[in-house]
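# Understanding the architecture of this molecule
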Amino acid sequence: MGEWSALDRFLHTDPRDVGCEQAMAILHVYVELIAHGHDAADRYEGVATHLAACGPCSEDFHGLLAAVRADN
Amino acid sequence: MSVKTLDGESHEWLRALGCARDRERNAALARLHEMLLRIARAEVRRRSPSVDISGPELDDLAHQAAADAMAITSKLVTFRGESRFTTWAYRFVILEVSMKLGRHFWREHGISFDPGDWDRLPDRFGINPAHEAEGRDLAAAVREAVDGELTERQREVFVAIIVNGAPLDAVVVELGTNRNAIYKMMFDARRKLRAALVANGYLGANDARHVDG
C-alpha cells in the first residue's frame, strides 16, 4: 500500500518553505554553519524546508557545501 | 557588518579588489577568476553524471560560468561579511553553473508542454512496474486532478517538469522567468493536487498513507 507514498511526499507542501529566492540569498551563510558543525536547519527552518523540497536548490546547496569543505 | 569585523582573508579580498592601483587590482581580479573557474570546474564535474554534457563542452560551460560570475565585482558592496568572502563568491558561480546547465538542456532538447505520455508518471513516482493496475490508477487520478484543478499555466509547467521530465531550470529559460516563480507555481499546483487527491480518497489527509481508491 506504499505505492503512492512518493507521489504524496512530492505533493506535500510546507508553509514554512521560504522559496528559492530567500533560500539562495542566505545559502552561503547556511552552508558555512553546516561546514562548521552548527545546526543550520534549526536556525533557518524555512531554508531547510525549502532545500528538502526543491531539487535545483538542493543541488546548489550540495555544490556549495562541497566547495567549502574542499577548502577546509 | 563593517569591514573591520571580517576575517583576515575576506578583508584582504575586498581591499585588493577595491584597490585604486590598477596592477594590484588586476592581480586580485585574476586570482578571483582563477578561483571561480576552479569552483565551476569542480561543480560541473560533480554534476556530470546527471547531465548530458562531457569533455570540452563541460569545460566551456565552466569557463562561461566563471566569466559571468565575475560580475560579483560590481556587487562587492552587498557583501555583508555574514560568511567568508570566498563562500559568498562560490555561491554566485555555483548558481551560474545551474543556470548554464538549464540553458544547455533547453537549447539541446527544448521544452515540451504537450500533454505527453502520462504512462510514464508511475515510473517517475517509483511505482513498481509489476503493479501495472495501480500505476494506471495513479496516472488517471493525477491527470484528472491536473485537468480539473490547475490553471492553464500550472498545467503546462506540471506537464513539462513532471510528465515530460524537463529540468526546472530549463523551463525557467523557456518562459523567460526565474526559478522562484516556477517553484512557486509548482508549489501552488502541488497543494491543489494533493487537496484534490485527498478529497477523492486517493491520499490520506495528514500523512503519506495510501488510501485505496
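Analysis parameters
- Along every chain, residues carry numbers that run from 1 in the direction the sequence is written.
- Here chains are named by letter from A upward and ligands by number from 1 upward, in the order in which they appear as written.
- Totals for whole chains, interfaces and linings use every residue, but because this is a predicted model, local features are given only for residues with pLDDT of at least 70 and side-chain atom pairs only at 80 or more, for both listing and counting.
- Runs of E in the DSSP output that reach at least two residues are strands. Runs of H or I that reach at least four are helices, and both are numbered from the N terminus.
- For a compact globule the rule gives 2.2 Å times the number of residues to the power 0.38, and the radius of gyration it is set against comes from C-alpha atoms.
- Buried means a residue has 20 or more other C-beta atoms within 10 Å of its own C-beta, exposed means 12 or fewer, and partly exposed covers the counts in between; C-beta atoms are placed from the backbone.
- Placing C-beta atoms from the backbone, we regard two residues as in contact once those atoms come within 7 Å.
- How far each domain reaches was decided by an automatic or database domain assignment.
- Fitting a line to C-alpha atoms yields each axis, with helices limited to the stretch in contact; the angle taken between N-to-C directions then spans 0 to 180 degrees.
- Reported orientations rely on four angle classes, namely roughly parallel under 35 degrees, roughly antiparallel over 145, roughly perpendicular from 65 to 115, and oblique for the rest.
- Helix crossings are classified by the rotation of the near helix relative to the far one: an anticlockwise turn of less than a right angle makes the crossing left-handed, while a clockwise turn makes it right-handed.
- In this classification, the charged set is Asp, Glu, Lys and Arg, the nonpolar set is Ala, Val, Leu, Ile, Met, Phe, Trp, Tyr, Cys and Pro, and all remaining amino acids, among them Gly, are polar.
- Here a nonpolar core is just a set of buried residues of the types Ala, Val, Leu, Ile, Met, Phe, Trp, Tyr and Cys, joined wherever their C-beta atoms sit within 7 Å.
- For a helix, the expected span equals 1.5 Å multiplied by the number of residues minus one.
- Values of pLDDT, which run from 0 to 100, indicate the predictor's confidence residue by residue.

## A look at the overall build of chain B
The secondary structure content of chain B amounts to 9 helices and 0 strands. Its C-alpha radius of gyration of 23 Å places chain B more than 25% over the 17 Å reference for a compact globule of 213 residues. Seen along its three principal axes, the alpha-carbon backbone of chain B occupies a region of about 70 × 40 × 30 Å. The 213 residues of chain B split such that 36% are buried. Once local pairs closer than 6 in sequence are excluded, the contacts in chain B between residues at least 24 apart make up 65%.

## Comments concerning the overall build of chain A
Along its length, chain A carries 6 helices and 0 strands. When its helices and strands are written in sequence order, chain A yields α-α-α-α-α-α. When the 72 residues of chain A are sorted by exposure, 40% land in the buried category.

## With respect to the interface of chain B and chain A
Taken together, the contact pairs 36 residues of chain B with 35 residues of chain A. Among the secondary structure elements, those contributing two or more residues to the side of chain B that touches chain A are α2 (22-47), α4 (85-109), α6 (132-149), α8 (168-175) and α9 (179-199) of chain B. Broken down by element, the residue count for the side of chain B that touches chain A peaks at 9 residues, all from α9 of chain B.

## A word on the domain arrangement of chain B
Residue and element names in this part refer to chain B. For chain B, the domain assignment lists domain 1 (3-109) and domain 2 (118-199). Measuring from the centre of the C-alpha atoms in domain 1 to the corresponding centre in domain 2 gives 34 Å. Taken together, the contact between domain 1 and domain 2 spans 7 residues of the former and 6 residues of the latter.

## Here we look at the packing of helix α6 (residues 55-71) of chain A against α4 of chain B
It is at 9 Å that the axes of α6 of chain A and α4 of chain B come closest, and there the two elements cross at 140 degrees. Overall, the two elements α6 of chain A and α4 of chain B adopt an arrangement that is oblique. Relative to α4 of chain B, the crossing made by α6 of chain A is right-handed. Together, Pro-56, Glu-59, Asp-60, Gly-63, Leu-64, Ala-67, Val-68 and Asp-71 of chain A of α6 of chain A and Thr-86, Thr-87, Tyr-90, Arg-91, Ile-94, Leu-95 and Ser-98 of chain B of α4 of chain B make up the contact between the two elements. Taken together, the residues that form the contact of α6 of chain A with α4 of chain B break down as 7 nonpolar, 4 polar and 4 charged.

## Points about the nonpolar core
Across soluble globular proteins, nonpolar side chains have a tendency to be buried as a group. Residues and elements named next belong to chain B. Counting residues in each nonpolar core, the largest one holds 78 residues, and the members touching the most others are Ala-40, Val-93, Leu-138, Ile-161 and Val-171. Counting residues per element, this core draws most heavily on α4, which supplies 11 residues. Counting contributing residues, this core receives three or more from each of domain 1 (3-109) and domain 2 (118-199). Apart from residues no more than four positions distant in its own chain, Ile-161 is found in contact with Ala-166, Leu-168, Val-171 and Met-186.

## Digging into α2 of chain B
The end-to-end C-alpha distance of α2 of chain B is 37 Å, a good match for the 38 Å that 26 residues give at a rise of 1.5 Å each. For α2 of chain B, the complete set of buried residues consists of Leu-32, Leu-36, Ile-39, Ala-40, Glu-43 and Val-44 of chain B. Residues of α2 of chain B that are buried sit in contact with α6 of chain A together with α1 (8-17), α3 (55-69) and α4 of chain B.

## Considering the environment of Glu-43 of chain B
Among the secondary structure elements, Glu-43 of chain B is positioned in helix α2. Through-space distance from the C-alpha of Glu-43 of chain B to that of Ala-195 of chain B is 38 Å; in sequence the pair is 152 residues apart.

## Structural notes on the confidence of the model for chain B
Residues and elements named next belong to chain B. When pLDDT is averaged along chain B, the result is 91, and 94% of the positions lie at 70 or above. Below a pLDDT of 50 lies the segment residues 208-213, which in the model reaches 17 contacts outside its immediate sequence neighbourhood of four places, other chains included. Model confidence for the complex is summarised by a pTM of 0.91, with the ipTM given as 0.94.

## Focus: the packing of α4 of chain B against α8 of chain B
Two measures define how a pair of helices packs: the angle their axes make with one another and the distance between the axes. Residues and elements named next belong to chain B. Where α4 meets α8, the closest approach of the two axes is 7 Å, and the angle between their N-to-C directions is 70 degrees. It follows from the interaxial angle that α4 and α8 lie roughly perpendicular. Contacts from Ser-98, Met-99, Leu-101, Gly-102, Arg-103, Phe-105 and Trp-106 of α4 reach α8 at Asp-169, Ala-170, Val-172, Val-173 and Glu-174. Considering only residue class, the contact of α4 with α8 consists of 7 nonpolar, 2 polar and 3 charged.

## Describing the environment of Pro-56 of chain A
Residue placement: Pro-56 of chain A occurs in helix α6. Pro-56 of chain A has contacts with Ser-98, Leu-168, Asp-169 and Arg-179 of chain B, leaving out every residue within four places of it along the chain.

## Description of the environment of Gly-176 of chain B
Positionally, Gly-176 of chain B belongs in the loop between α8 and α9. Between the C-alpha atoms of Gly-176 of chain B and Ser-48 of chain B, which are 128 residues apart in sequence, the distance is 25 Å.

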